[in-house]
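Read off the chains here:
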Amino acid sequence: MIEFEAPKPISQQSFVLKTVAENMMRPVSRYFDEHEHEVPWDYINFMHMAMKATGAGSLAPKEAPKKDAEGKERPRIGYQMLAFMLEMLSWGDVGIYLCTPGGGLGAAAVQSNGTPEQNAKFLARFGEEKPAFGAMAMTESQAGSDTSAIRTTAALDKEMNQWVLNGEKIFVTGGQKSLLEGNGLVVVWATIDPSAGRAGMRPFVVEAGTPGIKVTKLEHKMGIRASDTASLVLQDCHLPFENILGSPEVIQDKNTTGFKGAMATFDATRPLIGATAVGVARATLELLKELLAQEGITIRYGLPRQKLTNIEREIIDMDVMLRSAWLLVIKAVWMADNHKSNSLEASMSKVRGGDVVTKITQRAIEIMGPIGYSQDLLLEKWFRDAKISDIYEGTGQINRLIVARNILGYSGRDLR
Amino acid sequence: MYSFEPTEEQTMLIDTVSRFAHSDLRPASHDADEEGQIPLNLIKKGWELGVLQASTPEAYGGFGEHSSITGVLAAEEMAWGDLASTLAVMAPGLFAIPMLLAGSEEQKREYLPPIVEGDWSPYTAAIIEQHYDYDPNELRTTAKLDGDSLVLTGEKAYVPFANEAKSMLVFASLNGQTQGFIVPNGLSGIIIGERQKLLGINALSVFPVKFNEVRIPSANRLGGVNGHDFSSILASYWLATSAMALGVSKAALEYAIDYAKDRDVFGMKVAQKQSISFMLAEMATEIEAIRTLAWEAAWMLDTGKEEAYKEAYLAHTGAADMAMMVTDRAVQILGGHGYIREHPVEKWMREGRSFSLLVGMTII
């Protein structure tokens, strides 16, 4: 039956994470925004300890169905739990959230593309003593939305049975921490045949400490400044053969399994990015309401529009945007948990999340005037943090394209 | 638990309504709008699907329990076929559902069974008032206590089937609070005006009704002498318009998609142009988002959550905007052809404008 009751594990998790957000993130939000590239170790160490205890970690849950007291299988809620977790931590500080240790997007890529043995081998590190980080390197300076235009190559050295990677990646979230802070990994997308376009793309695991890969730059960004956004250069970077993700058949022939694996990774993480967008939007709307209440402005729900003040109307519209965006995320992750193909809903939730957080943060500052524009409040930071939500992990435009193809029954060739 | 799956029973009801909407409502839709009337046998057929009956407990002549979620599911499905016909089929609910939600036990036992167990019959309600800032919570029609009677004075509009209704619920302000009153038709002081001509829903006959100091027994106050809480009725009005807005919007989106995939332009199909495809993607996303909001609001109302009223209001305001956006874009995507009454999109656009203002026109 249709229902909207948050399961107990989620409510409990939210309670704990709200405390984390309020005590470990908000008080240092401004500090890490101003000290770009300093690492929030207190938060990281705390989260590592907490997540080890609960088994959480990457952006993809590996959940064995638990049985309840009568031996019946509990409903799967792994992705739902992740969505709630990411929303709450982003409500705290989305830049600091992006420093959360664990597999992140890298582990999600391993889970979407790797064999069970590879999963076991590469992901174990995230549960060890010290925090480790996972990242994914796809974008290059000439290839963003058009991932098939990547030029990083992977050549097979048959004698040594090793892959040799050469190329440059940019905009790698957590790239520096993954390679240089702890025993992490970066999943690097390279082509085994530049002439083959999509069909040549493959994912490769580059573990921390591998020679031949270097962090060459950390970007100065509009927002999410606590998160390191790295450029990586691979120069004759040798990898063991087994570090290519996927089974041998997938690896050998020219096929688009690799590319599809990349898309599957994004399908799984898209609603989660929607969740982070909602977190920032919710923080903004809540603060906005508080500030207006201090000015004696209350919102009279239930009135026809003709009787609402302009500000009331704006707030009510924001309430609609926020709640509907969040429910779309929940629906998308519920589908993932229930093994229903959710590519449409995943993209919809990303479209809406990015849209909504952009509109809400922009309007909030407009409404708060000179107060909103000042760094006395975190409002202007959230405006800056928000914008990336509509850009990374599939821009709002690419996601509209995916939604459109889905509802039109079109392939990528039919609709460019 | 979160879940977006209707129950088996709900699925059966949706399927039944859906078939009716496809096979009966939609084919009759165009002519009904042009001619300004709905064939009575069509309304009766819709009534026999049992949507209201499924929402009424056995004690009052039905076979189910009131469920806002079920109501939202069924209403969206039926409105997809034709909005005016849906409003017609559901008109008796304008009397019955507030009665179910807020009537006293005596009132429910007296008034509900004849409506619910019988054939479709034009029971109705008068709540909408024809001024720009019509507010269900601040009505200008008044009810004053006078000894053992109540006296109703005011002007209502958009009352479906007022000319034929046996009985209507009239909502008026009693001591500043909106309350419902059972008013048999034909009482002295009731003046039914000429049928109204509207931007859309032309097939449904609606009337202005004046109440010149109409006298009713004080026992006719909904809920009995102590009256009732209006908020759950209002929330149900909001959910009803949200659901029907979803039905009309989905119809418009599907039609626009089919047209765009078929129409040739510059050596390809219109749907293959990014600007058009993005419009469609946004329409689809908006519908899906507002639907989840309406469902959550319905669930909150069903489970007695405090935030139900507010969430129903948010669903309503979101749905009104969604319907206007989606139906407008559907006309746009059909270009010149969208402007011609042979295609249904301009009709849906005229209907798309209604949801923000016709609160009280329908209820689930």
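Since the structure is predicted, the reported quantities are computational estimates derived from the model, not experimental observations.

1. Digging into the overall build of chain B
Okay, step 1: A count of helical and extended segments in chain B gives 11 helices and 10 strands.
Okay, step 2: Against the compact-globule benchmark of 21 Å for 364 residues, chain B has a radius of gyration of 20 Å, which places it among compact chains.
Okay, step 3: Across its three principal directions, the C-alpha atoms of chain B cover 80 × 50 × 35 Å.
Okay, step 4: Long-range pairs, those at least 24 residues apart, make up 74% of the contacts in chain B between residues at least 6 apart in sequence.

2. Structural notes on the overall build of chain A
Okay, step 1: Across its full length, chain A holds 12 helices and 8 strands.
Okay, step 2: In terms of overall dimensions, chain A is globule-like: its C-alpha atoms have a radius of gyration of 22 Å, near the 22 Å expected for 416 residues.
Okay, step 3: Referenced to the eigenvectors of the C-alpha coordinate spread, the extents of chain A come out at roughly 75 × 50 × 50 Å.
Okay, step 4: Looking at chain A as a whole, 50% of its 416 residues are labelled buried.
Okay, step 5: In chain A, of all internal contacts separated by at least 6 residues, the share reaching a separation of at least 24 is 74%.

3. Details of the domain arrangement of chain A
Residues and elements named next belong to chain A.
Okay, step 1: The domain architecture assigned to chain A consists of domain 1 (8-102), domain 2 (107-253) and domain 3 (260-408).
Okay, step 2: The C-alpha-based centres of domain 1 and domain 2 are spaced at 24 Å.
Okay, step 3: In this complex, domain 1 contributes 20 residues to the contact, which on the side of domain 2 involves 20 residues.
Okay, step 4: Sorting the residues of the side of domain 1 that touches domain 2 by element identifies helix H1 (8-34), helix H2 (41-54) and helix H3 (78-97) as the ones contributing at least two each.
Okay, step 5: Here the side of domain 1 that touches domain 2 gets 4 residues from one element, more than from any other, and that element is H2.
Okay, step 6: Its residues assigned to classes, the side of domain 1 that touches domain 2 shows 10 nonpolar, 7 polar and 3 charged.

4. What about the interface of chain B and chain A?
Okay, step 1: Between chain B and chain A, the residue contacts involve 38 residues of the former and 35 residues of the latter.
Okay, step 2: Contributing elements (two or more residues each) for the side of chain B that touches chain A: strand S1 (2-3), helix H8 (231-262), helix H9 (274-302) and helix H10 (308-334) of chain B.
Okay, step 3: Broken down by element, the residue count for the side of chain B that touches chain A peaks at 15 residues, all from H9(B).
Okay, step 4: Residues that form the side of chain B that touches chain A fall into these classes: 21 nonpolar, 9 polar and 8 charged.
Okay, step 5: Here 2 bridges tie strand S1 (residues 3-4) of chain A to S1(B), and the two strands are oriented antiparallel to one another. When the bridges of S1(B) are listed, A:Phe4 appears paired with B:Tyr2.

5. Side note on the domain arrangement of chain B
Residue and element names in this part refer to chain B.
Okay, step 1: For chain B, the assigned domains are domain 1 (8-117), domain 2 (124-220) and domain 3 (231-352).
Okay, step 2: Centre-to-centre separation of domain 1 and domain 2, based on C-alpha positions: 22 Å.
Okay, step 3: At the interface, 15 residues of domain 1 touch 12 residues of domain 2.
Okay, step 4: The set of elements that each furnish at least two residues to the side of domain 1 that touches domain 2 consists of helix H1 (8-35), helix H5 (83-89) and helix H6 (91-102).
Okay, step 5: For the side of domain 1 that touches domain 2, a count of residues per class yields 11 nonpolar, 3 polar and 1 charged.

6. Quick word on the packing of helix H8 (residues 257-294) of chain A against helix H11 (residues 379-386) of chain A
Packed helices, taken two at a time, are described by the angle between their axes plus the distance between the axes.
All names here are of chain A.
Okay, step 1: Here H8 crosses H11 at 155°, and the two axes come no closer than 10 Å. Here H11 runs roughly antiparallel to H8, going by the angle between their axes. H8 and H11 meet at a crossing whose hand is left-handed. The residues of H11 that touch H8, namely those facing Val280, Ala283, Thr284 and Leu287, are Leu379, Trp382, Asp385 and Ala386.

7. Some thoughts on H11(A)
Residues and elements named next belong to chain A.
Okay, step 1: By the criterion of burial, H11 is predominantly enclosed, with 7 of the 8 residues buried.
Okay, step 2: Among the residues making up H11, those that are buried are Leu379, Glu380, Lys381, Trp382, Phe383, Asp385 and Ala386.
Okay, step 3: Where H11 is buried, its residues meet H1, H3, H8 and helix H10 (343-373).

8. Things to note about the nonpolar core
The nonpolar side chains of a soluble globular protein tend to be buried with one another.
Okay, step 1: Among the nonpolar cores identified, the biggest contains 254 residues, and A:Phe204, B:Phe181, B:Leu239, B:Ala256, B:Leu280, B:Ala294 and B:Ala330 are the most heavily contacted of them.
Okay, step 2: Among the elements that line this core, the one with the most residues is H8(B), at 19 residues.

9. Some thoughts on the pairing of strand S3 (residues 153-157) of chain A
All names here are of chain A.
Okay, step 1: Direction of pairing for S3 relative to strand S4 (residues 162-173): antiparallel, over a ladder of 5 bridges. Among the inter-strand pairings, Thr153 is bridged to a residue of S4, identified as Asn166.
Okay, step 2: The turn linking S3 back onto S4 is made up of 4 residues, and Asn161 within it adopts a positive phi angle of 50°.

10. Quick notes on H8(A)
Residue and element names in this part refer to chain A.
Okay, step 1: For H8, which comprises 38 residues, the first-to-last C-alpha distance of 56 Å matches the rise-based estimate of 56 Å (1.5 Å per residue) to within 8%.
Okay, step 2: Of all the bends found along H8, the most pronounced is centred on Thr269 and spans about 35°, while Pro271, a proline, follows it within four residues.
Okay, step 3: Within two residues after H8, Gly296 carries a phi angle of roughly 85°, on the positive side.

Conventions adopted
Residues numbered from 1 in each chain as written. Chains lettered and ligands numbered in written order. Predicted model: local features only at pLDDT ≥ 70, side-chain atom pairs only at ≥ 80, totals over all residues. Helix = DSSP H or I, 4+ residues; strand = E, 2+ residues; numbered from the N terminus. Rg over C-alpha atoms; globule rule 2.2 N^0.38 Å. Contact = placed C-beta atoms within 7 Å. Buried ≥ 20, exposed ≤ 12 C-beta atoms within 10 Å, placed from the backbone. Domains from an automatic or database assignment. Nonpolar A, V, L, I, M, F, W, Y, C, P; charged D, E, K, R; others polar. Pairing = 2+ DSSP bridges. Axes fitted to C-alpha atoms, helices over the stretch in contact; angles between N-to-C directions. Parallel < 35°, antiparallel > 145°, perpendicular 65-115°, else oblique. Left-handed = near helix turned anticlockwise from the far one by under 90°. Core = buried A, V, L, I, M, F, W, Y, C linked by C-beta atoms within 7 Å. Expected span 1.5 Å × (residues − 1). Bend = angle between axes of the 7 residues up to and from the residue.

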